[in-house]
Amino acid sequence: MSCNFLRAFVVAFTLAALSDGARADVYASPPVYGGGEFTFNGLIGCRIFNAGSTRVDVIQRRIYSSANTAMTIKFDNCDVPLGVNKYCVYTAASNGNNAYSCKLVTSQSNTELRGVAEFMSSTFVILNALPMEK
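What comes next is a walk through the structure.

Observations regarding the overall build of the protein
Looking only at helices and strands, one finds 2 helices and 9 strands in the protein. Listing the helices and strands of the protein from first to last along the sequence gives α-β-β-α-β-β-β-β-β-β-β. Burial status across the protein gives 36% buried among its 134 residues. The contacts in the protein between residues at least 6 apart in sequence include a share of 76% that link residues at least 24 apart. For the protein, the accessible area works out to roughly 7,800 Å², and carbon and sulfur atoms hold 59% of it.

Here it is as structure tokens:
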């Protein structure tokens, strides 16, 4: 009798752990490159828009270089729940002749975020932009 109870408990625990409530969405961009003289004076921006019907908690925001380095985030207003039809951005300074990718993780699954990774000049001219995907 206790063996059946233990099996039922293990099955229930496993199902709960695999439910949507325990999952998160991950969005990432392909590498975006600015090129030329802009690689040392540029800015990488990750812009996010919540097109869904509920607020979204963005629990992790990162920018990675093609040198496999996590960049230091210089500006970030995505550190609070992102409301419906709201927008946020996080940025880092470029550190050389690299390409850069944006990544974010939400605490919920089935989110409807839209995002773009941008490489900008020091005067904020967008040189290249690629969409983030789930």
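A look at the state of the cysteines
Across all of its chains, the model carries 2 disulfides by this definition. Two residues share a disulfide in this structure: Cys-46 and Cys-102, whose sulfurs sit 1.8 Å from each other. The disulfide joining Cys-46 to Cys-102 has a torsion of about -80° about its S-S bond and is therefore left-handed. With Cys-46 in strand E3 (residues 43-50) and Cys-102 in strand E7 (residues 99-106), this pair connects stretches of sequence that are 56 residues apart. Ordinal numbering of bonded cysteines along the protein defines a disulfide pattern of 1-4, 2-3.

Considering the pairing of strand E6 (residues 87-93)
Among the 7 residues that make up E6, 5 are buried, leaving the element largely enclosed by the rest of the structure. Bridging between E3 and E6 involves 7 bridges; their strand directions are antiparallel. Note that in E6 the partner of Cys-46 across the bridge is Tyr-90. Inspection of the sheet shows strand E5 (residues 75-76) paired to E6 by 2 bridges, in the antiparallel sense.

Comments concerning the packing of aromatic side chains
In this structure the tally under the stated criterion is 1 aromatic pair. Ring centres of Tyr-100 and Phe-119 lie 5.9 Å apart, and the angle between their planes is 45°; on these two criteria the pair is classed as tilted. On the criterion of sequence distance, the pair formed by Tyr-100 in strand E7 and Phe-119 in strand E8 (residues 113-120) is long-range, its members being 19 residues apart. Accessibility classification places Tyr-100 together with Phe-119 in one group, the buried group.

Brief notes about the nonpolar core
Note that soluble globular proteins tend to have their nonpolar side chains buried in a common cluster. Of all hydrophobic cores here, the largest spans 21 residues; its most connected members are Ile-48, Ile-63, Tyr-90, Cys-102, Leu-104, Leu-113 and Met-132. The set of elements that each furnish at least two residues to this core consists of E3, strand E4 (58-65), E6, E7 and E8. Apart from the residues lying within four places of it in its own chain, the contact partners of Leu-104 are Asp-25, Val-26, Tyr-27, Ile-48, Val-58, Gln-60, Tyr-90, Leu-113 and Met-132.

Details of the sheet that holds E8
Taken together, the 5 strands give an open sheet; going across it, the order is E5-E6-E3-E8-E9, and neighbouring strands pair in antiparallel fashion. Looking along the sheet, the strands with just one partner apiece sit at the ends: E5 and strand E9 (126-131).

The rules behind these values
- Residues numbered from 1 in each chain as written.
- Predicted model: local features only at pLDDT ≥ 70, side-chain atom pairs only at ≥ 80, totals over all residues.
- Heavy atoms only, no water.
- Helix = DSSP H or I, 4+ residues; strand = E, 2+ residues; numbered from the N terminus.
- Buried < 20%, exposed > 50% of the residue type's maximum accessible area, 1.4 Å probe, protein only.
- Contact = heavy atoms within 4.5 Å.
- Areas by Shrake-Rupley, 256 points an atom, 1.4 Å probe, with all protein chains shown as cover.
- Disulfide = S-S within 2.5 Å.
- Pairing = 2+ DSSP bridges.
- Phe/Tyr/Trp six-rings, centres within 6.5 Å; stacked < 30°, edge-to-face > 60°.
- Core = buried A, V, L, I, M, F, W, Y, C linked by side-chain atoms within 4.5 Å.

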